[in-house]
Amino acid sequence: AETTVASSVASDLDATVAAGGAEAEVRNLRIGGERKGVSATGSAVSLALRDVLVERAVSRGVYVVGAGTLTASNLVVRDTRARPGDGLGGWGLQVGNLDSGLAGVGTAEVVRAVFARSRDTGVAATGAGTRIVLHDVAILDTLAQQSSGEFGDGLWIQDGADVAVSRLVIERSRHLGIVAIDGAT
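Residues numbered from 1 in each chain as written. Predicted model: local features only at pLDDT ≥ 70, side-chain atom pairs only at ≥ 80, totals over all residues. Heavy atoms only, no water.

1. Focus on the pattern of salt bridges
Two side chains bearing opposite charge may form a pair once their charged atoms approach each other closely. Counting across every chain of the model gives 10 salt bridges. For the salt bridge of arginine 117 with aspartate 79, the shortest nitrogen-to-oxygen distance reads 2.6 Å. Residue arginine 117 is found in the loop between β9 (107-116) and β10 (121-126), and its partner aspartate 79 is found in the loop between β7 (69-78) and β8 (91-96); the two are separated by 38 residues along the sequence. Note that arginine 172 is salt-bridged to glutamate 171, the shortest N-O span being 3.1 Å. On the accessibility criterion, glutamate 171 (36% relative accessible area) is partly exposed. Several salt bridges share partner residues, and in doing so they unite Arg30, Glu55 and Arg78 into one network. (Salt bridge = Lys/Arg side-chain N within 4 Å of Asp/Glu carboxyl O. Helix = DSSP H or I, 4+ residues; strand = E, 2+ residues; numbered from the N terminus. Buried < 20%, exposed > 50% of the residue type's maximum accessible area, 1.4 Å probe, protein only.)

2. Topic: the side chain of arginine 35
Relative to the assigned elements, arginine 35 resides in the loop between β3 (23-33) and β4 (36-41). No salt bridge is formed by the buried arginine 35, whose closest oppositely charged neighbour, aspartate 14, lies at an N-O distance of 4.2 Å. Here the side chain of arginine 35 touches serine 7 through a polar contact of 3.2 Å, side chain to side chain. (Lys, Arg positive; Asp, Glu negative; His and termini not counted. Polar contact = N/O pair within 3.5 Å; in protein donor to acceptor, adjacent residues only side chain to side chain.)

Any functional reading would require information that these geometric values do not contain.
Structure representation (structure tokens):
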């Protein structure tokens, strides 16, 4: 990606690229900055990412919440950083409603992707009905949570979420490769 979009204005809530309430497609772009990289929030949003690099975002590289839908191919999310104020976050991809307050079930289908050097969690599915499908995906070198030095899990599935995988590689997670808890599959 030759074109870069990055925000120099820090935000715990906003993303550098945000889709809400409509269909959107992002292609051939490098995304970063002092906030989440990409977010798809709301009940009618459908976001497609193609040939996208999300680098050095804060809190979440890619975030799907509410009833948002993500399809991604040829995606790289690397070096996602924790929030500077509390040292939490740094997840590569989160799909679900953990602490969002938004109703609905998020879904994602990700094909040919790498999530590298995330903090705390590489890929997370949280909440009943949330679903992620991963094909040809690598989750690499997940680091500990900055605030506590704990965790560092490759794939986190919680509270009834569902994740289906084919040709998934998880290597060098600081803690666990896969965590499935509280009714997750």
